Amino acid sequence: MIFEEPSAIYESITSRMRALAVVYPVLALDASKAKKERGWDRYRMAELALAAIDFVTLRTDMRAAVRQETVVEHVAEFAALQQSGRTGEEYRAVARWVTERLINTEERDRAFRHDVGYVTDNGFETREASFQILKEVPDHVGQAALIATDAAITVLVHAIDVDIASEQIAAEAKLEALLKRSRISEAWQAAHNARIQSVRYAKDIHGRIEAMKRNVRAVDWDTEVRDTVDEALEHVRSRSAAETKHKERVNQLLEATADERKRRQLQDLEALIHECWQRHAVLIDMLMTVGPEFRRQQDRQVFVAPAIHTRVHLHEQLLQPVLELSLDACLGPLEAFTRAVMGPVRPRVMYLPDFLEGLTRVAEEAGGELVPVQNEYDWSEIDGPPAFSEEQHYAVDALLAAITEQGVRLSTLLAAARQPGPGTGPESGTDELLTLRTQQLFRLIPVRQLVDGEAAVVAVDDGTVLDDVLFGGSDFLLVRTGGVGPS
Amino acid sequence: MNRHEDAAEAARMVAFAMARRKAPARSGDYARLVQRFDTEPDFAQVVRKVAQGFDLTVLEVHPMTGLVLGTTPETDFAVSVSDLVPQTPDRPLYLLAQLTIAAMVFPRPEDLDDDEHVGRISVKQVDEEVRVLASAIERRLAQSDGDVDPPSDQPGLEGLWRAYLRRNATGKTQTDRAPRASTRALVKKAFAHLESHGFLRKVSDEDAGTYVTNVKYRLQIRDQAARDMLEELAALGVAALPTDGAPDHDQPSPDDPPSPTEDTPVTDLFS
C-alpha cells in the first residue's frame, strides 16, 4: 500500500502547488493579449515583474511606504535596459502596466485564483487558492502604499513552505562559510539572500504582532504575546551578533586586499550586511516597545466606547434611489453627503500666503494640456544663415589682434577691411562687422582683464568725426593697453 | 496637568484634526494627544466639548489619521457646496459624481469597516458607471411607459439620471453653445476636490486620472456621510432598501421595529 497516510503525503504536493500557482500570473504577463495589442512584444514582462517585486520587497521596511509611482519609475529603468531607443513615456507605460497587473487592479478584490487539490478526511477535493502579489495597504498615515505579499516573496526567493527563522539562520551560515574561504562574489549572493530573509522575517514578526493587536481582547499577554516577543528577540539578537562578526571579517579582508575589483565587491558586501544589521536594530526596537504598546491597546479597549455607525450599502441604498429623484429633490441628500465627506475645513480667512497660493494656483477649469514655460531663447538654435561668415570673423579678429599700444583709427581699420583678401573686400560687409565690434569695445570696457594687468584693446572716443561713405559717428581710436594692474 | 492646560491641549488636538496633512505618525505631539484621548476618559470628554463648541462632533480617533471630526448643520466650518460648484446647473451632477466615487470604491458595506481597504478608481470609470445606471433606468421606464418628459416650465422636475445622460461626456457639441462643463470635467473636479482635501491620491493619468483612497475618506463616509444622506432620503420618503447589514438606528420605523439581532452596533476597533 503506497498511501498509508495519504493526507500527509499529499500535503507537500498541495503546499508546493500553492506556491507554484503564484508563478502563473507572473509568467502569464508575457502571454497577455494586451502586450501584443500595445506593440510591447519585445519586452520581457515577467522579468520586469520580478524587478518590481524585488524593489517593493527590499524597500518595504517596517515604516517605509512604497508608492506606486516610485515602483513604476524603477521598473521603467529595467524596461529601458531591455529595449533601448524607445521613449521614456513607453517605458513608464510598460512599467505601470506590469505593476498594476501585479496589484491585479482589474479584479475587484484584487485576488489571483488557482485551483489546488487537497486530501482531507473526506478524500480528495479541489479548492480555489487565492493570493495577491503586490498589495495596496494604508501606510502609517493612512495613505495607500504598496507591499509585497508573503506569496510574492516566496516566488522571489524560491523558498517553499519553510520556517522563516531557520531559513534566515541557514542563509547566514552559508555567508559565514563563504567569507571564511574568502569566496567574495559568492558571498555577495549569499548576503543578498540573507537580506531578503531578513526582510521576510521582519515582515513575518511584524504581521504576527499586528494580528495580535487586532485581536487584543482575545490574546493572552502572558503566554502568547510574551512568548512570541521573547523568541523573536532572541533570534534577532543572535542575527545581529552574527552580522557584526561578518562585518569584522569583511573589514579584515578589505585591509588585506589590494585588488580594486575585489575591494569594490567587499564594500558592496559590507553595505548589504550593514543594511540587514540596521533592519534588525529597528526590529529589536519594535520588539522592545511592543509590550507597553500592547498594554496601551488593552487599556484603550477599557476606556473607549465602541463607535456605533449605521451600515449602509452605498450603491443600493444611496446611489440607486437618488438617481431617480428630480433635480430639485436630489440636492438635499446629495449635499448632505458631500458636506459630511469633506468634513470640517478651516474657515477661509485670507492671509498673505493665501493670496499667494490663490494667485499661483492653476485654475481647475483651464482645459487643455499644460505646456512648460518656454526657455530663454537659445541663439545657437536659430535656423537661417548667420549674418557674417567664419572667415569674416577671423579677418576682424586678426585686425583687432594687430592693434598696438600706439593705437589705430577706426577709419584705418575700415580701409584694411575693404582690401581684398580672405574674409575681406570692398563689398564683403566685413567693414560692418568691424564697426559692430568696435562699438562693443567702446561700450564694454574689459575691466576684469585691465584690473588683472592683462593687455586688452579699448576704443577711445577723442571727438574726431568719422569721415566714411557708409558709417557715421566718431572715428574711434583703438588702443591696446597694458592695464592698470601691478605690471 | 490642570484643567486649563487640558483645555489648551484639547483645543490643540482639534486644531490638528482641522489641519491638512497632519497625522499622529508625523507629529509626536499629535501622537501623544491621541494616546491621552485613548487612555484618559476625562481628557477625551474635554476634546469632545471643545469640538462641540465649534459645532463639530468627534466621530472617532483612529491610530493612522488621528482625530476624525464631523460637521453639524449649524457649523461654519463645513465646506460650502456653492463654493465647490459655483454653476447651479452643474451642482447636482457634481454631487452625484461625489456619491458615485464613494459607492464604487466601497462596493460592499463591509469595505467601509475594513481597516486595510484601499480603493482604486478613475474618472472614466465613474462617468461610465453613472451612464450605465442612468441608461438602465431609462430602459426600464421606457418599457413601463413611465418615461415622461418634465414640464418645460419646471426644469427642476427632471430626473437626475436624465439630466446626467443629457450632458455630454467629453467634448462640446456644435449646437450646444451654453458654457456647460462635460460630465467628465465635473467628475474630474470632484476627484480634484477630494485629493486637495487629502482623501484621495492620484496614482496615474490613466483613464483621465486614476486615484487611490486614503483611510480618512473611508472613515468620514462610514462615520457620518452615509448616515446623513440616508436620513435625508428617509425624510423625503424614499424607501431605503434593506440590506443584510444592520438597519439605520436613527430612523426606526414605528410600525416595523427592528429586531434586536439586526440592531447590533457595528464596532470598528481592531476588526
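A quick note: this is a predicted structure, and the numbers were derived from the prediction, not measured. Along every chain, residues carry numbers that run from 1 in the direction the sequence is written. Following the order in which they are written, the chains are lettered starting with A and the ligands numbered starting with 1. Totals for whole chains, interfaces and linings use all residues, but because this is a predicted model, local features are given only for residues with pLDDT of at least 70 and pairs of side-chain atoms are given and counted only at 80 or more.

The numbering of helices and of strands both runs from the N terminus, where a helix is a DSSP run of H or I of at least 4 residues and a strand a run of E of at least 2. Scanning chain B from terminus to terminus reveals nine helices and five strands. When the elements of chain B are put in sequence order from the N terminus, they spell out α-α-α-β-β-α-α-β-α-α-α-β-β-α. Of all 271 residues assigned to chain B, the portion counted as buried reaches 41%. By definition, residues are in contact whenever their C-beta atoms, placed on the basis of the backbone, come within 7 Å of each other. Long-range contacts, defined as pairs at least 24 residues apart, comprise 52% of the intrachain contacts of chain B with a sequence gap of at least 6. Working definition of burial: number of other C-beta atoms within 10 Å of the residue's own, with buried at 20 or more, exposed at 12 or fewer, and partly exposed in between, all C-beta atoms being placed from the backbone.

This part takes up the interface of chain B and chain A. Interface size is often expressed as the accessible area that is lost when the parts come together. Across the contact, 86 residues belong to chain B and 64 residues belong to chain A. At 15 residues, the largest contribution of residues to the side of chain B that touches chain A is made by helix α9 (residues 215-235) of chain B. Side-chain classes are defined by residue name, with Ala, Val, Leu, Ile, Met, Phe, Trp, Tyr, Cys and Pro counting as nonpolar, Asp, Glu, Lys and Arg as charged, and the others, Gly among them, as polar. Broken down by class, the residue content of the side of chain B that touches chain A amounts to 47 nonpolar, 21 polar and 18 charged.

Right, let's get into the sheet that holds strand β6 (residues 456-460) of chain A. All names here are of chain A. An order of β5-β7-β6 is seen for the three strands of this open sheet, with the pairing classed as antiparallel. The sheet is open, and its two borders are formed by β5 (408-409) and β6, each paired with just one other strand. Direction of pairing for β5 relative to strand β7 (residues 477-481): antiparallel, over a ladder of two bridges. Pairing of Val408 across the sheet is with Leu478, part of β7. Of the strands in this sheet, β6 and β7 touch helix α16 (residues 430-443), which is tilted by about 90° from β6. Between any two strands, pairing holds if DSSP finds at least two bridges. Axes, fitted as lines to C-alpha atoms, cover a helix only where it is in contact. Angles between the N-to-C directions of the axes lie from 0 to 180 degrees.

The next thing to look at is the sheet that holds strand β3 (residues 120-122) of chain B. All names here are of chain B. The strand order across the open sheet built from three strands is β3-β5-β4, with neighbouring strands paired in antiparallel fashion. Each end of this open sheet is capped by a strand with a single partner; those strands are β3 and β4 (200-204). Averaged over neighbouring strand pairs, the angle between their axes works out to 35° when direction is ignored.

Residues and elements named next belong to chain A. Of note, the phi angle at Asn104 is positive, near 60°, even though the residue is not glycine. Its identity is not glycine, yet Arg110 carries a phi of approximately 65°, on the positive side. By the secondary structure assignment, Arg110 is in the loop between α5 (88-103) and β1 (112-120). Residue classification places Arg110 among the partly exposed positions, given that 17 C-beta atoms sit within 10 Å.

Bringing the nonpolar core into the picture now. Within the largest apolar cluster, 98 residues are counted, with the highest numbers of intra-cluster contacts made by A:Leu48, A:Ala52, A:Val75 and A:Val98. Top element by residues in this core is helix α5 (residues 91-105) of chain B. It accounts for eleven residues. In contact with A:Leu48, not counting residues within four places along its chain, are A:Tyr43, A:Val75, A:Phe78, A:Ala79, A:Val94, A:Ala95 and A:Val98. A set of buried Ala, Val, Leu, Ile, Met, Phe, Trp, Tyr and Cys residues, joined to one another through C-beta atoms within 7 Å, is what we call a nonpolar core. Grouped together as the second largest cluster of nonpolar side chains are 24 residues, B:Leu33, B:Val34, B:Phe37 and B:Leu56 included.

With that out of the way, let us pick up the packing of α5(B) against helix α8 (residues 183-196) of chain B. All names here are of chain B. Look at α5 against α8: their axes get within 9 Å of each other, and the N-to-C directions meet at 60°. Classified by the angle between their axes, α5 and α8 sit oblique to one another. For α5 against α8, the interelement crossing comes out right-handed. Of α8, the residues touching α5 (which contributes Leu93, Tyr94, Ala97, Gln98 and Ile101) are Thr183, Leu186, Val187, Lys189, Ala190 and Phe191. Roughly parallel covers angles under 35 degrees, roughly antiparallel covers those over 145, roughly perpendicular covers 65 to 115, and oblique covers all other angles. Crossings are assigned a handedness: left-handed for a near helix turned anticlockwise from the far helix by less than a right angle, right-handed for a clockwise turn.

Looking now at the pairing of strand β3 (residues 134-138) of chain A. Residue and element names in this part refer to chain A. Most of β3 sits out of view: four of its five residues are buried. With five bridges joining them, β3 and strand β4 (residues 144-148) adopt antiparallel strand pairing. For Leu134, the partnering residue across the bridge sits in β4 and is Ala148. The antiparallel hairpin formed by β3 and β4 contains five residues in its connecting segment, where Gly142 sits at a positive phi of about 90°.

For α5(B), spanning 15 residues, the distance from its first C-alpha to its last is 22 Å, which sits close to the expected 21 Å at 1.5 Å a residue. With 15 of its 15 residues buried, α5(B) lies for the most part within the structure. The length a helix should cover is 1.5 Å for every residue beyond the first.

Bringing the confidence of the model for chain B into the picture now. Residue and element names in this part refer to chain B. By definition, pLDDT measures how confident the predictor is in each residue, and it falls between 0 and 100. Averaged over every residue, the pLDDT of chain B is 82; the share at 70 or more is 82%. Mean pLDDT values over the elements of chain B span from 88, in helix α4 (residues 81-84), up to 95, in α5. Taken together, the stretch residues 241-271 has pLDDT below 50 and engages in 46 contacts with residues farther than four places along the chain or on a different chain. For this predicted complex, the interface confidence comes out at an ipTM of 0.85, alongside a pTM of 0.65.

Let us now look at α5(A). Note on helix geometry: an α-helix contains 3.6 residues per turn, so any two residues three or four positions apart are oriented the same way. All names here are of chain A. Here α5 contains 16 residues, and its C-alpha end-to-end distance of 22 Å stays within 8% of the 22 Å for a straight helix at 1.5 Å per residue. Every buried residue belonging to α5 is among Tyr91, Val94, Ala95, Arg96, Trp97, Val98, Thr99, Arg101, Leu102 and Ile103, and all of these are buried. Where α5 ends, the next residue or the one after it, Asn104, has phi of about 60°, a positive value.

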